[in-house]
Amino acid sequence: EIIVGAILTQNTAWVNVEKALENLKKHKVLTINAIVHISEENLKIMIQPSGFFNQKARRLKLFATYLHKKYQDNIQMFFSQDLTEIRHELLSLPGIGPETADSILLYAGNHSTFVVDVYTKRICKRVPIKVFNDSYDDIKNFFENELQQTISKEDLVPVYKELHALLVTLAKNNCRKKKPECHTCPLTTLCEKSF
């Protein structure tokens, strides 16, 4: 479910992904085997609320088929690999970019990798965080390097999950794209942008 959600949330709001996931649950299509064997047309209908359903159905089928053939539907075998290897493998698959790969690794595989999304990038632009540019890798490396200095290895996964969730919440509630709510933002004194 987490992997499917990570693919479906590309370019859409989570509320729409939830509707698509409910459709898949209702029709018992939230397993690797089920996605492999359902027709692409039926899959498109079920995930339609998530938008871009033609390409997302294709991506889900390709990803599920890959896990089916290479790992015999054994998701634990897939996640038991070294983080660098599995991330490289994910990025080699069609439709899986860095954010989707890291979301799958962190939330489904419990691997210690930080997820950077549009919310994280927005906050990094407004708060003086020492990144060279707003590239995915620069922001990811900044957070990972900073957190690894003070957080033990075994605590990184829950800290990465919590920090990502807090950044998303902050961006949605305060650090909005068009009309930020700076007066109630906990980072107002750190923010370089005046709105």
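Up top you'll find the structure we're talking about.
From a predicted model like this one, the values you see are computed outputs, not experimental measurements. (Residues numbered from 1 in each chain as written. Predicted model: local features only at pLDDT ≥ 70, side-chain atom pairs only at ≥ 80, totals over all residues. Heavy atoms only, no water.)

**Q** Please clarify how the overall build of the protein chain should be interpreted in this entry.
**A** Of the regular secondary structure elements, the protein chain holds 11 helices and 0 strands. Taken over the C-alpha trace, the protein chain has a radius of gyration of 18 Å; the compact-globule value for 195 residues is 16 Å, and the two agree within 12%. Viewed in the frame of its principal axes, the protein chain has a C-alpha envelope of about 55 × 35 × 25 Å. Taking the contacts inside the protein chain whose residues are at least 6 apart along the sequence as the reference set, 53% of them involve residues at least 24 apart. Seen as two clouds, the 26 positive and the 22 negative side-chain charges of the protein chain have centres 8 Å apart. (Helix = DSSP H or I, 4+ residues; strand = E, 2+ residues; numbered from the N terminus. Rg over C-alpha atoms; globule rule 2.2 N^0.38 Å. Contact = heavy atoms within 4.5 Å. Lys, Arg positive; Asp, Glu negative; His and termini not counted. Charge placed at Lys NZ, Arg CZ, Asp CG, Glu CD.)

**Q** Could you clarify how one ought to interpret helix α4 (residues 40-47) in this entry?
**A** Restricting attention to buried positions, one finds in α4 the residues Leu43, Lys44, Met46 and Ile47. Down the axis of α4, the smallest arc covering the buried residues is 165°, so these residues share one side. Among the exposed residues of α4, those pointing more than 90 degrees away from its buried face are Glu41 and Ile45. Those residues of α4 hidden inside the fold are in contact with α1 (2-8), α2 (14-26), α3 (32-37) and α5 (53-71). (Buried < 20%, exposed > 50% of the residue type's maximum accessible area, 1.4 Å probe, protein only. Arc of directions from axis to C-beta.)

**Q** In this structure, what is going on with the state of the cysteines? I would like to understand it.
**A** Any covalent bond linking the sulfur atoms of two cysteines counts as a disulfide. With the rule as written, the count across this model stands at 0 disulfides. Cysteine cysteine 124 is unpaired, with the sulfur of cysteine 175 as its nearest cysteine sulfur at 9.8 Å. Among the cysteines around cysteine 182, which has no disulfide bond, cysteine 191 carries the closest sulfur, lying 5.8 Å off. (Disulfide = S-S within 2.5 Å.)

**Q** Explanation requested: the nonpolar core in the structure shown.
**A** Note on soluble globular proteins: their nonpolar side chains tend to be buried together. Membership of the largest hydrophobic core comes to 33 residues, with the highest contact counts inside it found for Leu8, Leu24, Phe63 and Leu90. Only α1, α2, α3, α4, α5, α6 (75-79), α7 (83-91) and α8 (98-108) provide two or more residues apiece to this core. Within the second largest apolar cluster, 21 residues are counted, among which are Phe142, Leu156, Leu167 and Cys175. (Core = buried A, V, L, I, M, F, W, Y, C linked by side-chain atoms within 4.5 Å.)

**Q** What is the right way to read the layout of surface pockets from this model?
**A** A probe as big as a water molecule, rolled over the atoms, marks out the empty space that is left. Reported here for the largest pocket is a volume of approximately 860 Å³. For the lining of the largest pocket, the elements supplying multiple residues, two or more each, are α1, α2, α8, α9 (118-126) and α11 (156-173). Per-element tally for the lining of the largest pocket: the top contributor is α11, with 6 residues. Tallied by class, residues from the lining of the largest pocket come to 12 nonpolar, 9 polar and 5 charged. (1 Å grid on protein atoms, 1.4 Å probe; cavity = no way out; pocket = protein on both sides within 12 Å on 5 of 7 lines; lining within 4 Å. Points joined across faces, edges and corners; volume = space filled by probe spheres on them. Nonpolar A, V, L, I, M, F, W, Y, C, P; charged D, E, K, R; others polar.)

**Q** How do you make sense of the packing of aromatic side chains when you look at a structure like this?
**A** The relation between two aromatic rings is expressed through the spacing of the ring centres and the mutual angle of the planes. By the definition in use, this model includes 7 aromatic pairs. One aromatic cluster is present, formed by Phe63, Tyr66, Tyr71, Phe78 and Phe79 through successive ring pairs. (Phe/Tyr/Trp six-rings, centres within 6.5 Å; stacked < 30°, edge-to-face > 60°.)

**Q** What's the story with the side chain of arginine 87 in this structure? I'm lost.
**A** When you line up the elements, arginine 87 lands in helix α7. Beyond its immediate chain neighbours, meaning those up to four positions away, arginine 87 contacts Pro98, Asp102, Leu105, Thr113, Tyr136, Asp137 and Lys140.

**Q** Help me understand empty space enclosed by the protein in this model?
**A** Scanning the model with the defined rule gives 1 cavity of 30 Å³ or more in all. As for the largest cavity, its lining consists of 14 residues, of which Arg126, Cys175, Cys182, Cys185 and Cys191 are closest to the centre. When its residues are assigned to classes, the lining of the largest cavity shows 10 nonpolar, 2 polar and 2 charged.

**Q** What exactly am I supposed to notice about the packing of α7 against α8 here?
**A** Any two packed helices are characterised by how steeply their axes cross, that is the angle between the axes, and by the distance between the axes. Their axes nearest at 9 Å, the elements α7 and α8 cross at an angle of 135°. When the axes of α7 and α8 are compared, the pair comes out oblique. At the point where α7 passes α8, the crossing takes the right-handed sense. Only Pro98, Ala101, Asp102, Ile104 and Leu105 of α8 make contact with α7, whose side of the interface consists of Leu83, Ile86, Arg87, Leu90 and Leu91. (Axes fitted to C-alpha atoms, helices over the stretch in contact; angles between N-to-C directions. Parallel < 35°, antiparallel > 145°, perpendicular 65-115°, else oblique. Left-handed = near helix turned anticlockwise from the far one by under 90°.)

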